[in-house]
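Here's the letter readout for the chains.
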Amino acid sequence: MTIPQLIQFRRVVVKIGSALLVDHAEGALKRAWLESMAEDIAALTKRGAEVLVVSSGSIALGRTLLALPGRALRLEESQAAAAVGQIALARAWSEVLGAHGLTAGQILLTLGDTEERERYLNARATIQRLMDFKAVPVINENDTVATTEIRYGDNDRLAARVATMASADLLILLSDVDGLYTAPPQRDPSARHLSVVERITPEIEAMAGAAGSEFSRGGMKTKIEAGKIATSGGAHMVIASGKVLHPIREIEQTGRCTWFLASGNPSAARKRWIAGTLIARGALYLDEGAVRALRSGKSLLAAGVTRVDGAFKSGDAVIVRDAEGTEIGRGLVAYDAEDARRILGKNSAAIEAELGVPFRSAIIHRDDLVIGR
Ligand code: GLU
């Protein structure tokens, strides 16, 4: 079985656990480590990869800045700590990336932003635009407002959702463990390190145990759950230790890590999801020109739409039909039905006059479109 090489990936999400960024005893940022990480990120971008960072650390940093006691924090206390710590965290990222000419953009997400279709599409569009601007998104959970029931609580699964949302082809989870073992290595001396997991089976899940250190929320269990989300979304995942300086360079040089292999690629996985698992809430009828444009891989513009059926919301799946009513594909529509009716047949100048700015140029973006035949 061939083990992938980091060089082959185009869009990489790197998840960094609190224990790597924040010194346990002093509660301060590990500046030298952060600088080495920024250097690794810059090296990836120089080779043409796009990088997104999912960084923990706000609660750990905020706790020091507010001089909170060492005991476990109550929810509101950790939320207050996150509010304070996130500013310091974002500033640090902005500085260390800025030293390499990279611009950081902060995104704070809640569970709902990644699970509800319309908010998901919004967050996805913003991330895409940041990438177009060559900025590095620095992402964390919006801990200040998330309550227990509606939060991830761990950045492993959040990072995996970000990876699928951004159609990344690789997710790197950096924490204090260097990969998956056949059994928890602290307890079982015969535990063997695995370099590749082809598929996450119940046996693999059983290897994870439940452990997690006090500082990092996610144990191996949340990492395996992240692996399921990422690999089924078409991204490979790597678990590697970030305890050294230049952790990404280290993965390349030593190969010490566990790879979880993706099933398919991100766009195939996304298209499968659009084509197969969504219920269509309406239909758009197209003129001939639009049908031709779609078949040649273009986005669907309102100008080519002749009729709108159904009561859908923006982000819903709709069927795309030709003038005779034959289904030619499916896609996630960027407008709700009412606005779609207002702009059908119109070019962008007319849409701007109708809806005002800003408006989305495509009624279905080509990444959100699956053409059947
Ligand atoms: N969002 C939390 C923080 O920034 C961390 C969650 C995690 O470490 O998984 O402090």
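Above this text is the structure in question.
Here we summarise the structure given alongside this text. The numbers attached to residues start from 1 for each chain and follow its sequence in the written order. Two thresholds apply to this predicted model, a pLDDT of at least 70 for residue-level local features and 80 or more for giving and counting side-chain atom pairs, whereas whole-chain, interface and lining totals are computed over all residues. Side-chain descriptors were evaluated using all non-hydrogen atoms of the structure, hydrogens and water having been removed beforehand.

1. Re the packing of helix α6 (residues 117–132) against helix α7 (residues 155–165)
Two numbers describe how α6 lies on α7: the axes approach to 10 Å, and their chain directions differ by 75°. Compared by their axis directions, α6 and α7 come out roughly perpendicular. Counted together, Tyr120, Ala123, Arg124 and Ile127 of α6 and Arg161, Thr164 and Met165 of α7 form the full contact between these two elements. Here an axis means a line fitted to C-alpha atoms, over the contact stretch when the element is a helix, while the angle between two N-to-C directions is reported on a 0 to 180 degree scale. The helix and strand labels rest on DSSP assignments: H or I over at least four residues marks a helix, E over at least two residues marks a strand, and numbering proceeds from the N terminus. When describing relative orientation, an angle under 35 degrees is termed roughly parallel and one over 145 degrees roughly antiparallel, while 65 to 115 degrees is termed roughly perpendicular and anything else oblique. The contact definition used throughout considers only heavy atoms, calling two residues in contact when any of these lie within 4.5 Å.

2. Observations regarding the sheet that holds strand β13 (residues 369–371)
Only strands that DSSP links by at least two bridges are regarded as paired with each other. Within the open sheet, the 5 strands sit side by side as β10-β9-β11-β12-β13. Their pairing is mixed. Sheet topology places β10 (305–310) and β13 at the edges, where each strand pairs with a single neighbour. Sheet twist, expressed as the mean angle between neighbouring strand axes with direction ignored, is 20°. Of the strands in this sheet, β9 (280–286), β11 (317–321), β12 (327–332) and β13 touch helix α12 (residues 288–295), which is tilted by about 115° from β9.

3. With respect to the site of the ligand
Near the ligand lie 11 residues; those nearest to it are Gly57, Ile59, Asn140, Asp143 and Asn155. For this analysis, a polar contact is any N or O atom pair within 3.5 Å, provided that within protein one partner can donate a hydrogen and the other can accept it, and provided that sequence-adjacent residues contribute only side-chain to side-chain pairs. One nitrogen or oxygen atom from the side chain of Ser56 is found 3.1 Å from an oxygen atom belonging to the ligand. Only the protein chains shown count as cover for residues, with accessible areas throughout obtained via the Shrake-Rupley method and a probe of 1.4 Å. Here the ligand, which alone exposes 300 Å², has 97% of that area covered by the protein. Gly is put with the polar residues, along with every residue not named as nonpolar or charged; the nonpolar set is Ala, Val, Leu, Ile, Met, Phe, Trp, Tyr, Cys and Pro, and the charged set is Asp, Glu, Lys and Arg. For the shell around the ligand, the per-class residue count stands at 1 nonpolar, 7 polar and 3 charged. Definition of nearness: a residue and a molecule or strand are near each other if at least one heavy atom of the residue lies within 4 Å of the molecule or strand.

4. A short note on the side chain of Asp40
Along the chain, Asp40 turns up in helix α2 (residues 31–46). Only protein chains enter the calculation, and the probe is 1.4 Å; a residue is then buried if its accessible area is under 20% of its type maximum, exposed if over 50%, and partly exposed in between. Charge counting treats Lys and Arg as positive and Asp and Glu as negative, with His and both chain ends excluded. Basic side-chain nitrogens of Lys or Arg form a salt bridge, by our definition, when they fall within 4 Å of a carboxyl oxygen of Asp or Glu. For Asp40, which is buried and forms no salt bridge, the nearest opposite charge comes from Arg249, at a distance of 4.4 Å. When sequence neighbours within four positions are dropped, the list of residues in contact with Asp40 reads His246, Pro247, Ile248 and Arg249.

5. Some remarks on the sheet that holds strand β3 (residues 103–109)
With mixed pairing, the 8 strands of this open sheet are ordered in space as β3-β4-β2-β1-β5-β7-β8-β6. Single-partner strands in this sheet number two, and they are β3 and β6 (196–197). Where β6 and strand β8 (residues 258–260) come together, 2 bridges link them in parallel fashion. By the bridge assignment, Val197 is partnered in β8 with Phe260. Packing against the sheet, helix α10 (residues 247–254) makes contact with β1 (11–16), β5 (170–175) and β7 (236–241), and its axis sits at approximately 105° to β5.

6. Side note on the pattern of salt bridges
Per the counting criterion, the structure on display carries 22 salt bridges. Of the charged contacts in the structure, one is a salt bridge between Asp154 and Arg157, with a shortest N-O distance of 2.7 Å. Classification of Arg157 by relative accessible area gives partly exposed; the value is 23%. A salt bridge links Arg342 to Glu354; the nearest nitrogen and oxygen atoms lie 3.0 Å apart. In this pair, Arg342 is assigned in helix α13 (residues 337–343) and Glu354 in helix α14 (residues 348–355), connecting sequence segments 12 residues apart.

7. Overview of the side chain of Asn140
Among the structural elements, Asn140 can be located in strand β4 (residues 135–141). From its side chain, Asn140 meets the backbone oxygen of Ser55 in a polar contact 3.3 Å long. In this structure the side chain of Asn140 is engaged in a polar contact, spanning 3.0 Å, whose partner is the side chain of Asn155. Among residues more than four places away in sequence, those in contact with Asn140 are Ser55, Ser56, Ser58, Gln86, Leu89, Ile107, Leu108, Leu109, Asn155 and Leu158.

8. Quick look at the packing of aromatic side chains
Only Phe, Tyr and Trp rings are paired, with Trp represented by its six-membered ring, and only when their centres lie within 6.5 Å; those with planes under 30 degrees apart are stacked, over 60 edge-to-face, the remainder tilted. Under the counting rule described, the total for this entry stands at 1 aromatic pair. Ring centres of Phe9 and Trp259 lie 5.8 Å apart, and the angle between their planes is 20°; this geometry places the pair in the stacked category. Of this pair, Phe9 sits in the segment before β1 while Trp259 sits in strand β8, and the two are 250 residues apart along the sequence. The pair Phe9 / Trp259 is uniform in exposure class, with both members buried. Over the ring of Tyr285 we find Arg307, and its NZ or CZ is 4.1 Å from the ring centre. Sitting over a ring, as applied to charges here, requires NZ of Lys or CZ of Arg to be within 6 Å of the ring centre and within 35 degrees of the ring normal.

9. Some details on the nonpolar core
Take the buried Ala, Val, Leu, Ile, Met, Phe, Trp, Tyr and Cys residues and link them wherever side-chain atoms come within 4.5 Å; each set so joined is a nonpolar core. Val13, Leu171 and Leu180 are the most contacted members of the largest nonpolar core, which has 43 residues in total. Among residues more than four places away in sequence, those in contact with Leu180 are Arg192, His193, Leu194, Val197, Ile204, Met207, Ala208, Met220, Ile224, Thr258 and Phe260.

10. What to know about the environment of Ala362
Position of Ala362 among the secondary structure elements: in the loop between α14 and β13. Take Ala362: its relative accessible area is 10%, and that puts it in the buried class. In the structure, Ala362 is positioned 107 residues away from Gly255 in sequence and 43 Å away in space, judged by C-alpha atoms. Here Ala362 is in contact with Ser299, Leu300, Leu301, Ala334 and Tyr335, once residues within four sequence places are set aside.

The analysis is restricted to geometry; functional conclusions fall outside its scope.
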